[in-house]
Amino acid sequence: MNYGRMRFVTGFLAIPVALYVIYVIAPYAQAFYIAFTDWRGVSASPRFVGTENFRRLAGDGIFWEAVGHNLLLLILMPLLTLVIALFFAFLLNAGGRGGTGGIWGSKFYRVVFFFPQVLAIAVVAVLFQQVFRPDRSGMLNAPLIALGLEPVGFLSDTDIAFWSILGVLVWQAVGFYVVLFSAGIASIPRDMFEAAAIDGAGGAQLFFRITLPLLWDTIQVGWVYLGIAALDVFAVVWVMTAEQGGPDHSTTVMAAEIYRNAFQYFKFGYASAMGVVLFFFTIGFAALALRLSRRERIEF
Amino acid sequence: MTQLSRRELLRSAVLAGVALPVLSACASPVSNGGASSAPAAGATSAANPLGFAADKPLEIWVFDGGFGDGYAKDIHEPLIKAKHPTLEIKHNATKEIAKTLQPRFAGGNPPEFINNSGANAMDFGALVQDGQLADLTPLYDAPSWDDPAVKVRDTIDPAAIAFGSYDGKPYVLNYANTVWGIWYSQKLFDDEGWQVPKTWAEFTALCETIKKAGKTAPFTYAGKHPFYIYEAILTLAAKIGGKDVLKNIDNLEDGAWKAEPVKQAATAFAELGAKYLLQGTAGLDHIQTQTAHNKGQVAMLPCGSWLENEQKDSTPADFGYAVFPLPDFGPSDALPYGTMHIQPGEEYIVPAKSGNPRAGLEYMRAMLSKEGAGKFMELVSTLTVVKGAGEGQTLKPGLKSASTALTAAGDNAVWFLFRKWYVDMHDEVAAASGQLMSGKLTVDEWMERAQKKADSIKSDSSVKKFTR
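As annotated in an unreviewed UniProt entry, chain B is N-acetylglucosamine transport system substrate-binding protein from Streptosporangium subroseum. Its UniProt record gives chain B the following Subcellular location (unreviewed entry) comment, quoted word for word: "Cell envelope". According to the UniProt record, the Sequence similarities (unreviewed entry) comment for chain B reads "Belongs to the bacterial solute-binding protein 1 family."

An unreviewed UniProt entry annotates chain A as N-acetylglucosamine transport system permease protein originating from Streptosporangium subroseum. UniProt, in its Subcellular location (unreviewed entry) section for chain A, records the words "Cell membrane". Per UniProt, chain A has the following entry under Sequence similarities (unreviewed entry): "Belongs to the binding-protein-dependent transport system permease family."

With that settled, consider the overall build of chain A. When you go through chain A residue by residue, the secondary structure sums to 13 helices and zero strands. When the elements of chain A are put in sequence order from the N terminus, they spell out α-α-α-α-α-α-α-α-α-α-α-α-α. Dimensions of chain A, computed from C-alpha atoms along their principal axes, come out at roughly 80 × 75 × 30 Å. Long-range contacts, defined as pairs at least 24 residues apart, comprise 63% of the intrachain contacts of chain A with a sequence gap of at least 6. Taken as a whole, chain A presents about 15300 Å² of accessible surface, with 69% of it coming from carbon and sulfur.

All right, on to unusual backbone geometry then. All names here are of chain A. Residue P247 is reached from G246 by a cis peptide bond, and omega for that bond is 0°. Counting through the fold element by element, P247 comes out in the loop between α11 (234-240) and α12 (254-264). Of note, Q244 is a non-glycine position whose phi angle comes to about 45°, a positive value.

Take helix α15 (residues 370-380) of chain B next. Residue and element names in this part refer to chain B. Turning to α15, its buried residues are G372, A373, G374, F376, M377 and V380. Each element contacted by the buried residues of α15 is listed here: α2 (70-83), β6 (173-177), α13 (307-310), α14 (357-367) and β13 (383-384). Positive backbone phi, approximately 50°, marks S381, located one or two places after α15.

UniProt's entry tags residues 12-36, 71-96, 108-132, 160-183, 223-241 and 268-290 of chain A with the feature "transmembrane region" (unreviewed entry), counted in the numbering of this structure. Helix makes up 96% of residues 160-183 of chain A and strand 0%, and the two end C-alpha atoms of the span are 35 Å apart.

What follows is about the sheet that holds strand β3 (residues 113-114) of chain B. Within a sheet, neighbouring strands are paired by backbone hydrogen bonds and run either parallel or antiparallel to one another. Residues and elements named next belong to chain B. Reading across the sheet, the three strands line up as β2-β1-β3 and stay open at both edges, with parallel pairing between neighbours. In this open sheet, the two edge strands, each paired with only one partner strand, are β2 (89-94) and β3. Bridge analysis of strand β1 (residues 58-63) against β2 gives six bridges, and the strand direction is parallel. By the bridge assignment for β2, W61 is matched with N92. Against the sheet, α2 engages β1 and β2, with an angle of about 160° to β2.

With 50 residues of chain B at the interface, the matching set in chain A holds 48 residues. Summed over both partners, the interface of chain B with chain A comes to about 3900 Å²; 52% of that surface belongs to carbon and sulfur atoms. On the surface where chain B and chain A come into contact, there are six salt bridges. Linking chain B with chain A are 11 residue pairs in polar contact (both at pLDDT 80 or more), by the criterion used here. Secondary-structure elements contributing two or more residues to the side of chain B that touches chain A are α1 (6-24), α3 (97-107), α4 (124-129) and α18 (423-437) of chain B. The element that contributes the greatest number of residues to the side of chain B that touches chain A is α18 of chain B, accounting for seven residues.

What follows deals with the pairing of strand β7 (residues 179-185) of chain B. Residues and elements named next belong to chain B. Judged by how many residues are buried, β7 sits mostly within the fold: seven of seven residues are covered. Note that β7 and strand β9 (residues 298-303) share three bridges and pair antiparallel. Residue pairing in the sheet places I182 in a bridge with P302 of β9. Here four bridges tie β7 to strand β10 (residues 321-324), and the two strands are oriented antiparallel to one another. Pairing of S185 across the sheet is with Y321, part of β10.

With that out of the way, let us pick up the sheet that holds β6 of chain B. Residues and elements named next belong to chain B. Overall, antiparallel pairing links the three strands, which are arranged β12-β6-β13 in an open sheet. One side of each edge strand has no neighbouring strand; the edge strands of this open sheet are β12 (345-348) and β13. Relative to β12, β6 runs antiparallel, the two sharing three bridges. What sits directly across from N174, in β12, is E347.

With that out of the way, let us pick up the packing of helix α9 (residues 227-241) of chain B against helix α11 (residues 260-275) of chain B. Residues and elements named next belong to chain B. Across the interface, α9 lies against α11 with an axial gap of 8 Å and an inter-helix angle of 135°. Between α9 and α11, the angle is such that the two are oblique. The element α9 and its partner α11 pack so that their crossing is right-handed. Touching I229, A232, I233, L236, A237, I240 and G241 of α9 are P261, V262, Q264, A265, A266, A268 and F269, all from α11. Taken together, the residues of the contact of α9 with α11 sort by class into 12 nonpolar, two polar and no charged.

With that out of the way, let us pick up the environment of A222 of chain B. Residue and element names in this part refer to chain B. Following the sequence through the fold, A222 ends up in the loop between β8 (217-219) and α9. Looking at A222, the relative accessible area reads 3%, which means it is buried. In this structure A222 touches Y228, L284, D285, H286 and T289, once residues within four positions along its chain are discounted.

Definitions and limits used
- Residues numbered from 1 in each chain as written.
- Chains lettered and ligands numbered in written order.
- Predicted model: local features only at pLDDT ≥ 70, side-chain atom pairs only at ≥ 80, totals over all residues.
- Heavy atoms only, no water.
- UniProt positions renumbered as here; feature names shortened; annotations may be inferred.
- Helix = DSSP H or I, 4+ residues; strand = E, 2+ residues; numbered from the N terminus.
- Contact = heavy atoms within 4.5 Å.
- Areas by Shrake-Rupley, 256 points an atom, 1.4 Å probe, with all protein chains shown as cover.
- Buried < 20%, exposed > 50% of the residue type's maximum accessible area, 1.4 Å probe, protein only.
- Pairing = 2+ DSSP bridges.
- Axes fitted to C-alpha atoms, helices over the stretch in contact; angles between N-to-C directions.
- Buried area = accessible area lost by both parts, 1.4 Å probe.
- Salt bridge = Lys/Arg side-chain N within 4 Å of Asp/Glu carboxyl O.
- Polar contact = N/O pair within 3.5 Å; in protein donor to acceptor, adjacent residues only side chain to side chain.
- Parallel < 35°, antiparallel > 145°, perpendicular 65-115°, else oblique.
- Left-handed = near helix turned anticlockwise from the far one by under 90°.
- Nonpolar A, V, L, I, M, F, W, Y, C, P; charged D, E, K, R; others polar.

The following block contains the structure:
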């Protein structure tokens, strides 16, 4: 490699690498260090406590409840979102009569589906707080109360709250993937659908034999994105739920527990230990996702 | 045009490695070590009894929350400025106390005076543990603003000093005073002919009457913030078993949460939760339940004396806020009728490592003057810890009712401090109490959860323990 080219490359990389090192790698390294101290955020000299934070973390029921919620979301949120988004994308692009166009009004629906994506996540959370309200002002509960039924505690019943969160997350994510998959389906040559339709394939066959295999790459990308999102979901939980992750920890996630322990209990050492655990979860997920998505690409 | 040699590249890499720790020092604490307590005084005089440095600025940070920051700008700062015209005052207000000021502590240059309040306040336990707060004893021993013959200590409610003390040393000034009780609308009670209940039996009978009438739900609380209900449970427990019940809980005594009075109080409220709550209470927050109260959808709710001010925009003109203490539970109650949970609040601190801590103390002295407290009370409609600050003021009905109840309670004032000392215990008890009220936890399970949390804090060596 000649020096001129090297300088060119260095020139381009220096700033992004420096920013990455300063704002991502260095704080990570620091978090690993803080995780072994009992730092409470204001002290000038944190005390080194070895692995005590991790030992306490192992016995922290609330944190493991949070981990459980994250894992459940990791499975359910991508699955539900992708299935629903695929279904809608198929209807919008290839679900019409003869398998060649979208269903009636598909252009309108395409815009409508994208609405949730435009809203800031905090807005979505506040919006759904109102939707789920358990009194006559709640969009879902008002009709129930009018019918003389007991209101459903969407966010106040510990057995239901988690599923309400999942519902909101899926609602928010679906629109984007409908658009993503629509683009994917649009890039599949039309004559494939036409040929299959002429051969007598029905809607279901078109979907499973043509759309799904040819869209597999896009779906995998979506799965990785959604998986990463499922390890976060902090904003929705923090803004929307009672007791921020409640009621009674029934909706809490790892990110919420880290935030709570760091910025409300001022146990920065302990929270950093949680962060370290989350770091390994994320790395593990990324490795798994990369391994699973190693697959031959279908050329067309 | 010079080529970048390998050596140069390596050298810059080394330089970058050296630069990193410097940069990361922004987030990590600066090691300047050493705890400090009472800030040293300069020369004292009659005009400057605390001996602050008049040539150094006084930086003030006020929490811009329910009280706003107008009281500091328009009342207290002019007050101190009038006495010390040369003192430079830097006024600041924020809603994010911890985010804004915590880095200043870690960096070793905190401001002189902080109103550490609101949901994003800094943890007092952590600050005290690290020797960051100035001891307020010199302030309390100084002559008061209004009368040099009387010490500041003697012009305020002793509970305020107790409340701001950690291991017997006062570090935090609690300026506002809050009294907790059950709130109702005088007009609604008069119209319906309901009487304020004096005993628990009368209370449940009243709930039954209200429920039967069908127009109004008997009782509610801020379901999304179950602190509002565990507050009432603990106050009732103290009334049944005496002040030591709460003291034992604060001191993390073994089995404190399993004491009989705690069990009786929790059982009583669990019954209330099962029978008399406003529909959907568990999913409503304080504003929603209080607004339902204003609309006459519910008759009673537990709250602190800021309620009237908080609801001033949605309260009908003739609503007539009034408060009553928790009723007598039984004839063997340890504390008499009229026992109230009082909670001096709205915390102010002087960071020990600030440039001019004595000026922060002088500012507090100005706040504790009759003029400072009286105008504050009038402006933000709250009780203060300064004795007689409300004299000659015309108070709104709710504030008047609370003020009367506070005076009537006298020495029968109870309080607990674990909420401030161990925030995670507060959260756990709140979470469990919400479940107790909605019937998902039995009283025994509730006690078990709270006790378990108390035990785990007791055995956690990284948390500093406090006693009272």
